[in-house]
Amino acid sequence: MEQGIFHILVENGTSERLDEIAMRDEAYQKASQELDDAILEKESLTGKLQEADRRISVLYGSLMAAYAKLAYEQGLKGMAEIFAKSLKE
């Protein structure tokens, strides 16, 4: 019976009382604030990382478009040279 009462007291009283005690403890408050700050920093960095990933994707697309344009122009020049040589022969 005592064990039952003990468990009831622990379940119903300890958590609330411990939370109240923890909120008055300087070390706990400091650690809690640092955790909150770290979470906010992570969220900020996550947003910055997503923006950087988007920019990288856009820049890769631009790079590939420029490369494809140069390849097409070079192909036309090569075709013109081959055509000019075949007319001379």
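Above: the structure in question.
The following refers to the structure shown. Bear in mind the structure is a predicted one, so any value in this text is a computation, not a measurement.

## Here we look at the overall build of the protein
- If you tally the helices and strands in the protein, you get two helices and zero strands.
- Scaling as 2.2 N^0.38, a compact globule of 89 residues should have a C-alpha radius of gyration of about 12 Å, whereas the protein reaches 35 Å, well beyond that.
- Projected onto its principal axes, the C-alpha coordinates of the protein cover approximately 110 × 30 × 10 Å.
- Within the protein, the proportion of its 89 residues that are buried is 1%.
- For the protein, the exposed surface amounts to about 8,600 Å²; the carbon and sulfur share of it is 62%.
- In the protein, the 11 positive side-chain charges and the 17 negative ones have mean positions that sit 19 Å from each other.

## Observations concerning a negative patch on the surface
- A cluster of like negative charges, contributed by Glu34, Asp36, Asp37 and Glu41, occupies part of the molecular surface.
- Looking at the secondary structure, you find aspartate 37 in helix 2 (residues 26–88).
- Taking relative accessible area as the criterion, aspartate 37 reaches 41% and is therefore assigned partly exposed.

## Remarks on the pattern of salt bridges
- Applying the stated criterion across every chain yields a total of two salt bridges.
- For arginine 54, the salt bridge is made with glutamate 51, and the minimal N-O distance between the two is 2.9 Å. Of the two residues, arginine 54 and glutamate 51 are both situated in helix 2; the distance of three residues between them amounts to about one turn of the helix.
- With its nearest N and O atoms 3.1 Å apart, the salt bridge here joins glutamate 73 to lysine 69. Taken together, the residues span about one helical turn, with glutamate 73 and lysine 69 both in helix 2 at a distance of four residues.

## Details of helix 2
- The end-to-end C-alpha distance of helix 2 is 92 Å, a good match for the 93 Å that 63 residues give at a rise of 1.5 Å each.
- The N-cap of helix 2, judged by a side-chain oxygen 3.2 Å from the amide nitrogen of alanine 27 a few residues on, is aspartate 25.

## As for a nonpolar patch on the surface
- Together, Ile56, Tyr60, Leu63, Met64 and Tyr67 make up an exposed nonpolar region whose accessible area comes to about 590 Å².
- Of note, tyrosine 60 is situated in helix 2.
- For tyrosine 60, a relative accessible area of 53% translates into the label exposed.

Rules used throughout
- Residues numbered from 1 in each chain as written.
- Predicted model: local features only at pLDDT ≥ 70, side-chain atom pairs only at ≥ 80, totals over all residues.
- Heavy atoms only, no water.
- Helix = DSSP H or I, 4+ residues; strand = E, 2+ residues; numbered from the N terminus.
- Rg over C-alpha atoms; globule rule 2.2 N^0.38 Å.
- Buried < 20%, exposed > 50% of the residue type's maximum accessible area, 1.4 Å probe, protein only.
- Areas by Shrake-Rupley, 256 points an atom, 1.4 Å probe, with all protein chains shown as cover.
- Lys, Arg positive; Asp, Glu negative; His and termini not counted.
- Charge placed at Lys NZ, Arg CZ, Asp CG, Glu CD.
- Patch = residues over 30% accessible without salt bridge, like charges linked within 9 Å, V, L, I, M, F, W, Y side chains within 5 Å.
- Salt bridge = Lys/Arg side-chain N within 4 Å of Asp/Glu carboxyl O.
- Expected span 1.5 Å × (residues − 1).
- Polar contact = N/O pair within 3.5 Å; in protein donor to acceptor, adjacent residues only side chain to side chain.

Everything listed here is a matter of coordinates, which is why it stays silent on function.
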